[in-house]
Amino acid sequence: MDKSAKPSAKLDRKVYSISSLKFDITDPQFVAILVGVFAVVLTFGLCDAGKTLVWSQLLFGRKVDTHTSIKENVGEYQTNKGVLKLIDIPGHERLRMKFLDQYKSSTRALIFVVDALTFQKDLRDIAEYLYNILLDGVISRNNPSVLILAHKQDQPMAKGSTLLQTNLERELNLLRDTRDKQLDSLSEKAVKQSYLGKEGKDFTFSQLSVQVDFAETSALSDDPSGLEPVKNWLASVA
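Definitions and limits used
- Residues numbered from 1 in each chain as written.
- Predicted model: local features only at pLDDT ≥ 70, side-chain atom pairs only at ≥ 80, totals over all residues.
- Heavy atoms only, no water.
- Core = buried A, V, L, I, M, F, W, Y, C linked by side-chain atoms within 4.5 Å.
- Buried < 20%, exposed > 50% of the residue type's maximum accessible area, 1.4 Å probe, protein only.
- Helix = DSSP H or I, 4+ residues; strand = E, 2+ residues; numbered from the N terminus.
- Contact = heavy atoms within 4.5 Å.
- Pairing = 2+ DSSP bridges.
- Axes fitted to C-alpha atoms, helices over the stretch in contact; angles between N-to-C directions.
- pLDDT = per-residue confidence, 0-100.
- 1 Å grid on protein atoms, 1.4 Å probe; cavity = no way out; pocket = protein on both sides within 12 Å on 5 of 7 lines; lining within 4 Å.
- Points joined across faces, edges and corners; volume = space filled by probe spheres on them.
- Nonpolar A, V, L, I, M, F, W, Y, C, P; charged D, E, K, R; others polar.
- Polar contact = N/O pair within 3.5 Å; in protein donor to acceptor, adjacent residues only side chain to side chain.

Student: Summarise the nonpolar core; cite the residues concerned and give the values.
Tutor: In a soluble, globular protein the nonpolar side chains are often hidden away together inside. Among the nonpolar cores identified, the biggest contains 40 residues, and Leu42, Phe44, Phe112, Ile148, Leu168 and Phe205 are the most heavily contacted of them. Among the secondary structure elements, those contributing two or more residues to this core are β1 (39–44), α4 (96–103), β4 (107–115), α5 (123–134), β5 (145–151), α7 (161–184) and β6 (212–216). For this core, the element with the highest residue contribution is α5, accounting for 8 residues. If we ignore the near neighbours within four places in the chain, the residues touching Leu168 are Leu123, Ile126, Ala127, Leu130, Ile148, Phe205 and Phe214.

Rendered as structure tokens:
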């Protein structure tokens, strides 16, 4: 080899330093590297919250027939500041944390979609899911922006984002106290995890180090303004 030759400026050499290796594009590890090239935004929510409709309207400007998924949906969302990798995570409770673990290290922002028609009935499940996300060590270190959507606002019985926030703060406060008492009952105090919010005070989202915003949206109506709050928010985090 000619030692005087300059190293290639190609991206594969710069990143991997061993461009002679052959990669299988179906390899999940290779896919993870590609995802890392873009800023990642994850959309979460329980089953039937409407998160896949939000994802499809943002990427394709149209509604799609949806069903409970066993894999993620991935697409590129263009803003005036750059491209975001928008990933829709399955809502099934047996799958959601698996996909969170796969993408959380490269996540810049999180969109948590809540069904504004039924959230009071599902409040405990929603709060537990959000609690686990907010206290995840990797996510906490990345300090992503968080947007919580009171979705399906085109429906007459949908509740607003202010009521959603109040209910979530109350339920997260109860959940935090329950989890804390369970940990205090253990003999080994070292297992105690990070604390959500500020000790000695009722929980509010303003206590978190991450920025949490709320918005009201709908992806079901034909009105394109139904997702305008999400589009503006995505432009701010790009």
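Student: Can you lay out the sheet that holds β1 for me, pointing to particular residues and giving the numbers?
Tutor: Taken in spatial order, the 6 strands line up as β2-β3-β1-β4-β5-β6 in an open sheet, and their pairing is mixed. Of all the strands in the sheet, just β2 (73–79) and β6 have a single pairing partner and so form its edges. Taking the axes of each pair of neighbouring strands and ignoring which way they run, one obtains an average angle of 25° across the sheet. Bridge count between β1 and strand β3 (residues 82–88): 5 bridges; the pairing is parallel.

Student: Describe in detail the environment of Trp233, supporting the description with residues and values.
Tutor: Looking at the secondary structure, you find Trp233 in helix α8 (residues 228–237). Judged by its relative accessible area of 8%, Trp233 is buried. Each C-alpha atom of the pair Trp233 and Val146 lies 9.7 Å from the other, and the pair is 87 residues apart in sequence. Residues within four places of Trp233 in sequence aside, it is in contact with Ala109, Leu110, Ile111, Ser145, Val146, Leu147 and Asp213.

Student: Give me unusual backbone geometry: which residues, what numbers.
Tutor: We note that Asn143 has phi near 50°; this positive angle belongs to a residue other than glycine. Take Asn143: it is sitting in the loop between α6 (137–142) and β5. One non-glycine residue, Lys152, lies in positive phi territory at about 70°. Assignment of secondary structure puts Lys152 in the loop between β5 and α7.

Student: With reference to specific residues and values, describe the confidence of the model for the protein.
Tutor: Regions with low pLDDT carry predicted coordinates that are not meant to be interpreted in detail. Here the protein averages 79 in pLDDT, while 75% of its residues score no lower than 70. Helix α1 (residues 11–16) is the least confidently modelled element of the protein, averaging 37 in pLDDT, while β6 averages 96, the highest of any element. Across residues 1–37, where pLDDT falls below 50, the model places 17 contacts with residues more than four positions away in sequence or in other chains. Note on residues 187–191: pLDDT is under 50 here. Beyond four places in sequence and across chains, it has 3 contacts.

Student: Any details on the layout of surface pockets? Residues and values, ideally.
Tutor: Its volume calculated, the second largest pocket comes out at about 200 Å³. Among the secondary structure elements, those contributing two or more residues to the lining of the second largest pocket are α5 and α6. A per-element tally of the lining of the second largest pocket places α6 first, with 3 residues. Residue classes in the lining of the second largest pocket are distributed as 11 nonpolar, 6 polar and 1 charged.

Student: Break down the pairing of β4 for me, citing the residues and quoting the values.
Tutor: Counting buried positions over the 9 residues of β4 gives 8, a clear majority of the element. Relative to β5, β4 is paired through 7 bridges, and the arrangement is parallel. Bridge pairing links Ile111 to Leu147 in β5.

Student: Tell me about the side chain of Asp115, and please be specific about residues and values.
Tutor: If you trace the backbone, Asp115 turns up in strand β4. Polar contacts involving the side chain of Asp115 include one to the main-chain amide nitrogen of Leu117, which spans 2.8 Å. With near-sequence residues (within four places) excluded, Asp115 lies in contact with Asp48, Ala49, His151 and Lys152.

Student: Account for the side chain of Thr107, naming residues and giving values.
Tutor: Looking at the secondary structure, you find Thr107 in strand β4. With near-sequence residues (within four places) excluded, Thr107 lies in contact with Val40, Leu42, Asn142 and Pro144.

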